[in-house]
Amino acid sequence: MEPELPHLIAGNWKMHGSLAGIAAYANAIRGAQPHADLLICPPFPFLDRFAQALAGSAIALGTQDCHANAQGAHTGDVSAAMVKETGATFVILGHSERREDHGETNAHINAKVSAALAAGLTPIVCVGESLAQRQAGEAEPFVRSQLLHSLPAGFAGIIAYEPIWAIGTGLTPTEPDVVAMHAAIRAALIEQLGSAGAGLRILYGGSVKPNNAASLLALPEVGGALVGGASLKPEDLLAIAAAAPRD
Ligand code: PGA
């Protein structure tokens with residue numbers, strides 16, 4: 001079933017950018033009025049500056065992680081409630097870089113998703129296979145297992161399908177492979193969540209650029225894009241948003 005929401009173009013800045021660059025970036029995007037929804041997920045220290053620079057615009061803010069606990073002795077971590085307090089409304093969880101760099105398991109991600117939902121944030125849960133898994137024909141069962149174990153009962157949020165081998169490489173899956181995986185994710189969501197799973201947005205992520213966005217975003221069950229490298233340039237992010245079909 002096609003989501004009825006507008007396409008969502010979400011920028012994942014990862015560990016890039018600087019405080020000094022935020023005003024110019026925000027100015028470049030805040031007047032754009034694209035027909036897609038826009039979301040920026042900068043590093044934690046930039047959130048407040050971004051919230052001020054985007055105040056009054058329709059552009060949403062999010063973070064790239066949160067802790068599973070509401071508070072406590074967790075040096076270096078940030079809770080979902082703290083994220084919410086800054087004015088951010090989304091949180092990316094389970095990105096493959098966090099699974100890899102921080103040993104995050106599906107169980108950790110499941111707990112973080114619950115914390116995000118309890119704080120009133122919309123989680124964007126990332127799933128996706130390695131190249132070896134795709135070549136072995138294991139991509140779909142692997143992603144289904146990630147969904148089964150990463151999503152708590154009653155999940156209400158967004159899924160981002162990001163094949164690990166497509167992230168930052170300039171490679172993308174073939175269109176039939178994207179369509180097949182998004183259909184498999186939709187079927188898994190409905191199986192897990194019932195009718196609530198039918199309307200959740202499923203983003204594609206991995207080397208989305210202005211020159212491939214129109215074809216990727218037009219595919220069935222692709223409800224938007226999670227954009228890394230290209231989100232650092234406001235003109236590229238806006239070009240991707242402009243390439244989204246009008247819903
Ligand atoms: P990329 O990153 O667009 O630079 O491939 C996507 C992501 O990791 O979210």
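Predicted model, so just to flag it, every value in this text is computed and none were measured. (Residues numbered from 1 in each chain as written. Predicted model: local features only at pLDDT ≥ 70, side-chain atom pairs only at ≥ 80, totals over all residues. Heavy atoms only, no water.)

A separate point is the overall build of the protein. Broken down by element type, the protein carries 10 helices and eight strands. Taken over C-alpha atoms, the radius of gyration comes to 17 Å for the protein, in line with the 18 Å a tight globule of 247 residues would show. Projected onto the principal axes, the alpha-carbon positions of the protein cover approximately 45 × 45 × 35 Å. Here the protein holds 247 residues, and 49% of them are scored as buried. Partitioning the intrachain contacts of the protein with sequence separation of at least 6 by distance along the chain shows that 72% fall at a separation of at least 24. When the accessible surface of the protein is split by element, carbon and sulfur atoms take 56% of a total near 10,700 Å². In the protein, 14 positive and 22 negative side-chain charges are present, and the distance between their average locations comes to 5 Å. (Helix = DSSP H or I, 4+ residues; strand = E, 2+ residues; numbered from the N terminus. Rg over C-alpha atoms; globule rule 2.2 N^0.38 Å. Buried < 20%, exposed > 50% of the residue type's maximum accessible area, 1.4 Å probe, protein only. Contact = heavy atoms within 4.5 Å. Areas by Shrake-Rupley, 256 points an atom, 1.4 Å probe, with all protein chains shown as cover. Lys, Arg positive; Asp, Glu negative; His and termini not counted. Charge placed at Lys NZ, Arg CZ, Asp CG, Glu CD.)

With that settled, consider the pattern of salt bridges. Within this structure, the stated rule accounts for 10 salt bridges. As a salt-bridge pair, lysine 14 and glutamate 97 come within 2.9 Å of each other at their nearest N and O atoms. Here glutamate 97 lies in helix 4 (residues 96–101) and lysine 14 lies in the loop between strand 1 (8–12) and helix 1 (22–30), a separation of 83 residues in the sequence. Note on glutamate 97: relative accessible area 29%, which makes it partly exposed. Through salt bridges that share partners, Asp65, Arg98, Glu104 and Lys112 make up one connected network. (Salt bridge = Lys/Arg side-chain N within 4 Å of Asp/Glu carboxyl O.)

Turning to empty space enclosed by the protein, a few remarks are in order. One pass over the structure, following the stated rule, counts one cavity of 30 Å³ or more. Considering the residues around the largest cavity, the lining is formed by Gly94, His95, Ser96, Arg99, Cys126, Val127, Gly128, Gln146, Glu162 and Ile164. Among the elements of the structure, helix 4 and strand 5 (122–127) are those that each provide at least two residues to the lining of the largest cavity. (1 Å grid on protein atoms, 1.4 Å probe; cavity = no way out; pocket = protein on both sides within 12 Å on 5 of 7 lines; lining within 4 Å. Points joined across faces, edges and corners; volume = space filled by probe spheres on them.)

Glancing now at the nonpolar core. Core analysis: the largest hydrophobic core is formed by 60 residues, its most contacted members being Ile9, Ile40, Phe50, Ile159 and Ile185. By residue number, the principal contributor to this core is helix 8 (residues 175–193), which donates six residues. Listed in part, the 13 residues of the second largest apolar core include Leu8, Ala60, Phe90 and Ile92. (Core = buried A, V, L, I, M, F, W, Y, C linked by side-chain atoms within 4.5 Å.)

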